[in-house]
Structures are given as C-alpha cells and as structure tokens.
Amino acid sequence: MFKGEDYAHFWIEEGILNFIYKPNIILDLNEAKAVVKARLRLQQGETYPILCDIRQLKFSSKAAREYMAVTGCLKALAIAFVMEEAYSGTMVAAFMKISKPTVPTRAFTTTAEALSFLKRFK
C-alpha cells in the first residue's frame, strides 16, 4: 500500500480512473501530494479521464486545492467530481473558480452523470 491509499481507494475500470476518498479525510498539502503520487503510480504513465468521489471527504485546504488544480491534473484528460447535492457550490466551486484546474472539470451529484461526462474523453 502506498501512502495515498491511506486517504482514498483507486482503480481503473472501462478506461476511467476512479477514486473515492475514505470517510472523514482532511486533505491538506501533504495528503494531496500522497494521493497524486499514488494515483500516478497506478496509472503507470497512461492518461485517463478521472472520476473523483468526494462525498466522504471532510475538508480540503486551499493549499491542497491549488496543488490538485495543477499537479493533480497531470495525466488526466478530464475530471468529474461526485458530491452530495447539499455540498454543491462550496468546495468544488471554489476549486474550479479560484484554483482553475488545467483540464475540463465538472461536478455532479450522481456517479452515472459523472461517467457520462467522462466517456467523451476516453
């Protein structure tokens, strides 16, 4: 197990890299770096659309969001966040407006919608 796997589960399915944050994770810069390192190791140099389920993520610091917007987009074709409806407009909106990810990024409240978006980038 790699340190990033302490914070999230990762797998590749049907050409899409999936990762789900474990419950109650507080993502600061060090944790964000560990997550990206583990994801890139799994990808083995390949580029994928990424489904990122943040429904159980407790908090993400500004430094972590900024890191994810640049380095976290390496080897990503597009990113779809899956989040709780009540959460929309907060953390992900801040990530997209302030940190400005370097790949197409959208937020959804269902996995099915997120996968539909990502399939365009396979």
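Conventions we followed
- Residues numbered from 1 in each chain as written.
- Predicted model: local features only at pLDDT ≥ 70, side-chain atom pairs only at ≥ 80, totals over all residues.
- Heavy atoms only, no water.
- Pairing = 2+ DSSP bridges.
- Helix = DSSP H or I, 4+ residues; strand = E, 2+ residues; numbered from the N terminus.
- Axes fitted to C-alpha atoms, helices over the stretch in contact; angles between N-to-C directions.
- Contact = heavy atoms within 4.5 Å.
- Phe/Tyr/Trp six-rings, centres within 6.5 Å; stacked < 30°, edge-to-face > 60°.
- Buried < 20%, exposed > 50% of the residue type's maximum accessible area, 1.4 Å probe, protein only.

Participant: What exactly am I supposed to notice about the sheet that holds strand 1 (residues 8-13) here?
Facilitator: Working definition: the strands of a sheet are paired by backbone hydrogen bonds and lie parallel or antiparallel to each other. Spatial ordering of the open sheet is given by 1-2-4-6-7, a layout of five strands whose pairing is mixed. In this open sheet, the two strands that pair with only one neighbour each are strand 1 and strand 7 (105-108). Between one strand and the next, the sheet's axes are offset by a mean angle of 20°, whatever the strand orientation. For strand 1 and strand 2 (residues 16-21), the ladder comprises six bridges, and the chain directions are antiparallel. In the strand pairing of strand 2, E13 is matched with I16.

Participant: Help me understand the environment of L29, please; the structure alone is not making it clear to me.
Facilitator: Mapped onto the elements of the fold, L29 is located in helix 1 (residues 29-43). Residues L29 and E66 lie 37 residues apart in sequence; the distance between their C-alpha atoms is 8.9 Å. Those residues in contact with L29 that lie beyond four places of it in its chain are S61, A63, A64 and Y67.

Participant: Quick question: what am I supposed to make of the packing of aromatic side chains here?
Facilitator: A complete count under the given rule lists four aromatic pairs for this structure. With a centroid separation of 5.4 Å and 35° between ring planes, the pair formed by F10 and F19 is classed as tilted. Assigned by exposure class, F10 and F19 land together as buried. Summarising the aromatic geometry, the rings of F19 and Y21 are spaced 5.4 Å apart at their centres and angled 75° between planes, so their arrangement reads as edge-to-face. Both residues of the pair, F19 and Y21, count as buried. Grouping aromatic residues by their ring pairs yields a cluster made of F10, F19 and Y21.

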